[in-house]
Amino acid sequence: MSARAGAKAIADITARIESHLAGHDGYLAFSGGKDSLVILDRARRVEPEVPVVFFDSGLDYPETYDYLTELVHTWRLDLHCIPTDPPLLQVLADSGLWNHTALTDGAAAAMVDLHAALITEPARRAHALLGPGELWGVRADESAARRMLYIRGGRRDGIVARADGTVAYGPIWNWTTDDVWAHIARHRLPVNPVYAKLRELGVPEQQHRLSHLIDGGHLDRGRLTWLRRGWPALFEQLADVLPRIRQLS
């Protein structure tokens, strides 16, 4: 057991979650992935009725939607679905980037702000509905950008205070992937079945991230190939709207 995920660390995290929830109205952001599952497990031990938000792009794995439905039933979650508006598929189609007659990549990308569509605007609506606080499963070792997010301003406590007055806390910000899976196994938490399917398909462990089916990122890592192999009917439905994905898979 890692020191970061040991019994004392878990107790400290639980206490900090309790303090965060007491100090900030808000919500827990749940993606259906392993990291936010750990946060949900910890937060429910402090506040069983903590508001849970799922940001629905319309392009999550089908299994994720079924998994959410089951988890809401078994854990009696106070779940709020905040949809991307317009849906991600429409945003991608409207960009022209996925059409054979598209503009150059740079010009097309300039036409759409995916960060605003997928993150900034849905989060704004969630905070307006539930309050300025946020619990999330973002970890520093997932990318350089996420590491910088946590160390900017010299802070190394998992707190991200934003200019708009919202405050996000990542209780497992400094955990490793092994720490996360060990906690899940130790507490026998119900895992999204997409992970098992990705393993069956031979997807490398470091690429087991349950983000959107397609969003223009990480296409060089075979995401569309795995989608085509594992969800062929869904792939063809998407390809009817975004023809270029056949070239990239």
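Please refer to the structure higher up on the page.
Residues numbered from 1 in each chain as written. Predicted model: local features only at pLDDT ≥ 70, side-chain atom pairs only at ≥ 80, totals over all residues. Heavy atoms only, no water.

(A) Fine view of the overall build of the chain. When helices and strands are tallied, the chain shows 12 helices and 6 strands. Counting across all 249 residues of the chain, residues that qualify as buried make up 44%. When contacts within the chain are restricted to residue pairs at least 6 apart in sequence, those whose partners lie at least 24 apart make up 70%. For the chain, the computed accessible surface area is about 12400 Å², with 54% contributed by carbon and sulfur atoms. (Helix = DSSP H or I, 4+ residues; strand = E, 2+ residues; numbered from the N terminus. Buried < 20%, exposed > 50% of the residue type's maximum accessible area, 1.4 Å probe, protein only. Contact = heavy atoms within 4.5 Å. Areas by Shrake-Rupley, 256 points an atom, 1.4 Å probe, with all protein chains shown as cover.)

(B) Just helix α6 (residues 114–130), in detail. Under the 1.5 Å per step criterion, the end-to-end length of α6 is 23 Å for 17 residues, consistent within 8% with the ideal 24 Å. Along α6, the largest kink reaches about 30° and is centred on Thr 120; proline Pro 122 follows within four residues of it. Residues of α6 that are buried include every one of Ala 117, Leu 118, Pro 122, Ala 123, Ala 126, His 127 and Leu 130, and no others. Buried positions along α6 lie against β1 (26–29), β2 (51–56), β3 (78–83), α4 (88–95) and β4 (133–135). (Expected span 1.5 Å × (residues − 1). Bend = angle between axes of the 7 residues up to and from the residue.)

(C) Highlighting the packing of aromatic side chains. Following the criterion strictly, the structure yields 6 aromatic pairs and no others. Pairing Phe 54 with Tyr 65 gives two aromatic rings, centres 6.0 Å apart and planes at 85°, and the pair type is edge-to-face. Of this pair, Phe 54 sits in strand β2 while Tyr 65 sits in helix α3 (residues 62–75), placing them 11 residues apart in sequence. You can call Phe 54 buried: its relative accessible area is 1%. Residue Tyr 65 is classed as partly exposed on the basis of its relative accessible area, which comes to 26%. Across from the ring centre of Trp 181, 5.0 Å away, lies the NZ or CZ of Arg 199, which sits over that ring. (Phe/Tyr/Trp six-rings, centres within 6.5 Å; stacked < 30°, edge-to-face > 60°. Lys NZ or Arg CZ within 6 Å of the ring centre and 35° of its normal.)

(D) Representation of the side chain of Glu 134 in the model. With respect to the secondary-structure elements, Glu 134 resides in strand β4. Under the relative-accessibility criterion, Glu 134 is labelled buried at 5%. One polar contact links Glu 134 to Arg 162, side chain to side chain, over a distance of 3.2 Å. (Polar contact = N/O pair within 3.5 Å; in protein donor to acceptor, adjacent residues only side chain to side chain.)

(E) Expanded view of the nonpolar core. Counting 51 residues, the largest nonpolar core has Leu 28, Phe 30, Ile 214 and Ile 245 as its most contacted members. At 5 residues, the largest contribution of residues to this core is made by helix α2 (residues 34–46). Residues within four places of Phe 30 in sequence aside, it is in contact with Ser 36, Leu 37, Leu 40, Val 52, Val 53, Phe 54, Tyr 67, Leu 68 and Leu 71. Ala 123, Ala 126, Trp 136 and Trp 173 belong to the second-largest nonpolar core, a separate cluster that totals 14 residues. (Core = buried A, V, L, I, M, F, W, Y, C linked by side-chain atoms within 4.5 Å.)

(F) Here's a closer look at the environment of Val 241. Relative to the helices and strands, Val 241 is located in helix α11 (residues 232–241). A relative accessible area of 39% places Val 241 in the partly exposed class. When neighbours within four sequence positions are excluded, Val 241 is seen to be in contact with Leu 89 and Ala 93.

(G) Here's a closer look at α2. With 13 residues, α2 should reach 18 Å at 1.5 Å per residue; the first-to-last C-alpha distance of 19 Å fits that figure. The buried count for α2 comes to 10 of 13 residues, which makes it a mostly enclosed element. Within the sequence span of α2, burial applies to Lys 34, Asp 35, Ser 36, Leu 37, Val 38, Ile 39, Leu 40, Asp 41, Arg 42 and Ala 43.

(H) The sheet that holds β2, seen in detail. The mixed open sheet is built from 6 strands, whose spatial order is β3-β2-β1-β4-β6-β5. Each of the sheet's edge strands pairs with one partner strand only, and the pair in question is β3 and β5 (159–161). Pairwise comparison of adjacent strand axes, ignoring direction, gives a mean angle of 25° for this sheet. The sheet contact formed by β1 and β4 spans 3 bridges and is parallel. Bridge assignment links Tyr 27 to a residue of β4, and that residue is Glu 134. (Pairing = 2+ DSSP bridges. Axes fitted to C-alpha atoms, helices over the stretch in contact; angles between N-to-C directions.)

(I) Structural context of the side chain of Thr 64. Summarising the element assignment, Thr 64 is placed in helix α3. Excluding residues within four positions of it along the chain, Thr 64 makes contact with Ser 31, Phe 54, Asn 192, Val 194 and Leu 210.

(J) The arrangement of the pairing of β2 in detail. As defined by bridge partners, β1 adjoins β2 across 2 bridges and the pair is classed as parallel. By the bridge assignment for β2, Leu 28 is matched with Val 52. Where the polypeptide runs from β1 across α2 and back to β2, its parallel neighbour, the crossover connection is right-handed. Bridge count between β2 and β3: 6 bridges; the pairing is parallel. Bridge assignment links Pro 51 to a residue of β3, and that residue is Asp 78. A crossover links β2 with its parallel partner β3, the connecting element being α3, and its sense is right-handed. (Right-handed = clockwise from strand over helix to strand, strands pointing away.)

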